[in-house]
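# Working through the structure, step by step
Below are the chains, spelled out letter by letter.
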Amino acid sequence: MTKLTTVLDDRIWTLDRPVWFGGVRLRARTTVLRLDDGSLLLHSPAPPSDALAEQLRALGPVRILIVPNCFHHLGTPASAALFPDARVVGPASARARNKALKLDLDIGDARLNEVLPELETLPLAGVPFLDETVLYHRPTRTLLGADVVISACSQDHWTWRAAARITGCYERVRVPPDVRKTIADRSVVARSVRAMLERPAERLIVGHADVIETGWRERLAEAWRVEGVEL
Ligand SMILES: [Fe+2]
């Protein structure tokens, strides 16, 4: 689990690492995106091993570190120390949970559009528990999220496969079980998810599932419909 996997030639790579969470072993993903200027954006940065740092240096300069919600911040302080020229973008709620995290720009700040004109930010409003913002990368037609949906498959550790069967996430794209109970406003969520569904994306990449390509739109919508969100 130290080698980057190519999702889209010379543009998108992923790295999955095992993470224990709530008694199950999930795969937690870092996505590497090559921006139009050739530099790299790291989404949900993993604690950078020597092997990962070497692969990233071979690809190009790391310019942006994205903390997509208030949970996916653990590897960012170490990544920021390793790549001091990178700007850290994330929500204030992550900063509140991790005092070592320093944000250069809030993910909701309109100035992000000047820094990253090729990206659109799509906040998942109505779920303050996550405080997640999904990114849409226009050049690669890719939606990048963290916990907006989750799924388990045969590649996963038995602990998560077993829990996923019970919670309906096995080989199905679903809202994460711990998020279901925390949906604050379903009509607000509906507007947010609709904005994602309207993007002409070819894939949805999230933190704990295989890359979702075929039928991503129907699968994302179904996951939220099951939770009573009208789409
Ligand atoms: Fe997560």
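The notes below deal with the structure included here. Just so it is clear, the structure is predicted and the values come from calculations on it, not from any experiment. (Residues numbered from 1 in each chain as written. Predicted model: local features only at pLDDT ≥ 70, side-chain atom pairs only at ≥ 80, totals over all residues. Heavy atoms only, no water.)

## Examining the sheet that holds strand 11 (residues 203–205)
- Strand order in the open sheet formed by 4 strands is 8-9-10-11, and the pairing between neighbours is mixed. At either end of the open sheet lies a strand with only one pairing partner, and these are strand 8 (119–123) and strand 11. If you compare each strand with its neighbour and ignore which way they point, the axes differ by 25 degrees on average.
- As paired elements, strand 8 and strand 9 (residues 133–137) share 5 bridges and run antiparallel to each other. Its bridge partner being in strand 9, glutamate 120 is matched across the sheet by tyrosine 136.
- Sitting on the sheet, helix 7 (residues 186–197) touches strand 8, strand 9 and strand 10 (142–144), and the angle it makes with strand 8 is about 155 degrees. (Pairing = 2+ DSSP bridges. Helix = DSSP H or I, 4+ residues; strand = E, 2+ residues; numbered from the N terminus. Axes fitted to C-alpha atoms, helices over the stretch in contact; angles between N-to-C directions. Contact = heavy atoms within 4.5 Å.)

## Things to note about the pairing of strand 4 (residues 40–43)
- Neither face of strand 4 is exposed, since Leu40 and Leu42 on one face and Leu41 and His43 on the opposite face are all buried.
- Note: strand 3 (residues 24–34) against strand 4, 4 bridges, orientation antiparallel. Its bridge partner being in strand 4, leucine 33 is matched across the sheet by leucine 41.
- The hairpin turn running from strand 3 into strand 4, its antiparallel successor, is 5 residues long, and glycine 38 in that turn takes a positive phi close to 95 degrees.
- Alignment of strand 4 against strand 5 (residues 62–66), held across 4 bridges, turns out to be parallel. For leucine 42, the partnering residue across the bridge sits in strand 5 and is leucine 65. (Buried < 20%, exposed > 50% of the residue type's maximum accessible area, 1.4 Å probe, protein only.)

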